[in-house]
Amino acid sequence: MNTSRIRKILDSFFYNFFENKIVNRIICRYFPKDKMEINLDLSNKDQKHVLICYVPISGSVLSTFHAAYYQQNQMILYFINRGWCIDLCWCMDIRAFDRFKDRSYDLLIGQGPLYRLLCEKLKVKKKILYCTENSVDVVTVKYQERIKYFKERHPNVSIKNAVSRIGFFTHKDFELSDEIIVMSSEFNAMNFEPFFNSIYTLNVNAICNPTYKLDLTEADVKVSRFNFVVFGCFGFIHKGIDILCDAFKLLPDCQLNIYGMEKKEIEIYNKIKPINAHRHGIVNVMSDVYINEIINKNSFVILDSCSEGMASGVATCMMHGLIPIVTKESGFNEASAIVELDDYKVESIVNTVRKLISLSDGEILNLRYRTFEYARNNFSIGEFTRKFSMIMDNIYSD
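Source: prediction; values computed, not measured.

1. Side note on the pattern of salt bridges
Any two side chains of opposite charge can pair if their charged atoms end up close together.
Turning to step 1, where the next piece is worked out: Applying the stated rule across the entire model yields 23 salt bridges.
Turning to step 2, where the next piece is worked out: Note that Asp87 and Arg103 form a salt bridge whose closest N and O atoms lie 2.9 Å from each other. Here Arg103 lies in the loop between α4 (97-100) and β4 (104-110) and Asp87 lies in strand β3 (residues 85-90), a separation of 16 residues in the sequence.
Turning to step 3, where the next piece is worked out: Under the relative-accessibility criterion, Asp87 is labelled buried at 1%.
Turning to step 4, where the next piece is worked out: The partly exposed category is assigned to Arg103, whose relative accessible area is 24%.
Turning to step 5, where the next piece is worked out: Of the charged contacts, one joins Arg99 and Asp93 as a salt bridge, the two residues approaching to 3.4 Å between their closest N and O atoms.

As structure tokens, then:
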């Protein structure tokens, strides 16, 4: 067996090992997910201190393949470049409070239950909510709309196992925070206007497979033009996958490929799925499978979500040339490279898909290249770094 083959086997083992939920629970329970005094300057008694309350510390950033870890890395870099001392904690680890309760900070930035507790208990000069979801009021209303719409179409199908996305961000977050950074569109950002004087927005950063080069022809499009992807679907009803299933029943010439469904929601899917919908497992963006099975064999990524911050799964697919079809609430600003649904209902999806598949191979190819260019300009880690730096300079200038 050659070295390359052994490496692939080991990569697969460790990826699956750390995806295992039992392993994750053990790691989260017994291993601290915080770090203190990064870039501490013992000679500078006036050094500023920041606490970032976001994602856990978990080895190499480049091995995580999740946009949030890349964001946190660039946040750390921003503060290092400006001479700050940095502490890190995981926003879900309430136990970490005891390790920080006697410290004070010039700045706290973060989200989640630990962020709320830190805001209430710590001495902090300025608190910034880093919001990666729509406003809590909007999420609640929109999700209830989707529940009602599902029951109208499937009155005899139980949805007790449906994953609700309500409750992570709360009104308490707004009350405790001095400023807010919203990872979403200008449209979604308006929902925060009752709570903050200033609202700063920035785009999500997409994950980019460095081996990928967009080199498509009309012959490639001829194969993929009827194939659509849902990439990342935690929340079957929240993400509108139920509506997509019903829409694709009316689109028999098209294929719907769904990646990353929550296990306990599969039962709902199995009861309503059409014959042209196909459920797949989680796929690593850095893998050959992602390029060969998702990017090369599909032309579109579709998300009928009731509410997002800015969907990183869609942005990542756009970064590799898939044409996005999204609801206005999915968090993307209007652009010629983005197809926005008129509304979230079955008829709107069917009409939009029919218009797109009626385009010529050349027109779809052109749209894929336009999407690729737009994503590279707007969802790169460099663009995230530039915009985050500009926002922070504005919020906390010396």
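Now that the structure has been shown, we can carry on.
2. Considering unusual backbone geometry
Turning to step 1, where the next piece is worked out: The backbone of Glu37 shows a phi angle near 65°, a positive value even though the residue is not glycine.
Turning to step 2, where the next piece is worked out: Overall, Glu37 belongs to the partly exposed group, its relative accessible area being 40%.
Turning to step 3, where the next piece is worked out: Phi at Asn39 takes a positive value of approximately 65°, unusual for a residue other than glycine.
Turning to step 4, where the next piece is worked out: Classification of Asn39 by relative accessible area gives partly exposed; the value is 32%.

3. Describing the nonpolar core
Turning to step 1, where the next piece is worked out: Ile52, Ile181, Phe228 and Phe332 are the most contacted members of the largest nonpolar core, which totals 107 residues.
Turning to step 2, where the next piece is worked out: Here this core takes 8 residues from helix α3 (residues 67-81), the largest share from any one element.
Turning to step 3, where the next piece is worked out: In contact with Phe332, not counting residues within four places along its chain, are Ser185, Met310, Ala311, Val314, Ala315, Met318, Val326, Ile338 and Phe379.
Turning to step 4, where the next piece is worked out: Residues Leu51, Tyr105, Tyr115 and Leu176 belong to the second largest nonpolar core, which totals 26 residues.

4. Brief notes about the sheet that holds strand β10 (residues 277-280)
Turning to step 1, where the next piece is worked out: Read across the open sheet, the 6 strands follow the order β10-β9-β8-β11-β12-β13; overall the sheet is parallel. The two strands at the open ends of the sheet, each matched to only one other strand, are β10 and β13 (339-340).
Turning to step 2, where the next piece is worked out: Summarising the sheet, strand β11 (residues 300-303) and strand β12 (residues 323-326) pair through 4 bridges and their orientation is parallel. Bridged to Leu303 within β12 is Val326.
Turning to step 3, where the next piece is worked out: Packing against the sheet, helix α10 (residues 241-249) makes contact with β8 (227-233), β9 (255-261) and β11, and its axis sits at approximately 160° to β9.

5. Focus on the packing of α3 against helix α16 (residues 381-395)
Turning to step 1, where the next piece is worked out: Where α3 meets α16, the axes come as close as 10 Å, and the angle between the chain directions of the two elements is 50°. The angle between α3 and α16 places the two elements in the oblique class. Judged by the twist between their axes, the crossing of α3 over α16 is right-handed. Residues Tyr70, Gln71, Gln74, Met75, Tyr78 and Phe79 of α3 lie in contact with α16, whose contacting residues are Ile381, Phe384, Thr385, Phe388, Ser389, Met392 and Asp393.

What counts, and at which threshold
Residues numbered from 1 in each chain as written. Predicted model: local features only at pLDDT ≥ 70, side-chain atom pairs only at ≥ 80, totals over all residues. Heavy atoms only, no water. Salt bridge = Lys/Arg side-chain N within 4 Å of Asp/Glu carboxyl O. Helix = DSSP H or I, 4+ residues; strand = E, 2+ residues; numbered from the N terminus. Buried < 20%, exposed > 50% of the residue type's maximum accessible area, 1.4 Å probe, protein only. Core = buried A, V, L, I, M, F, W, Y, C linked by side-chain atoms within 4.5 Å. Contact = heavy atoms within 4.5 Å. Pairing = 2+ DSSP bridges. Axes fitted to C-alpha atoms, helices over the stretch in contact; angles between N-to-C directions. Parallel < 35°, antiparallel > 145°, perpendicular 65-115°, else oblique. Left-handed = near helix turned anticlockwise from the far one by under 90°.

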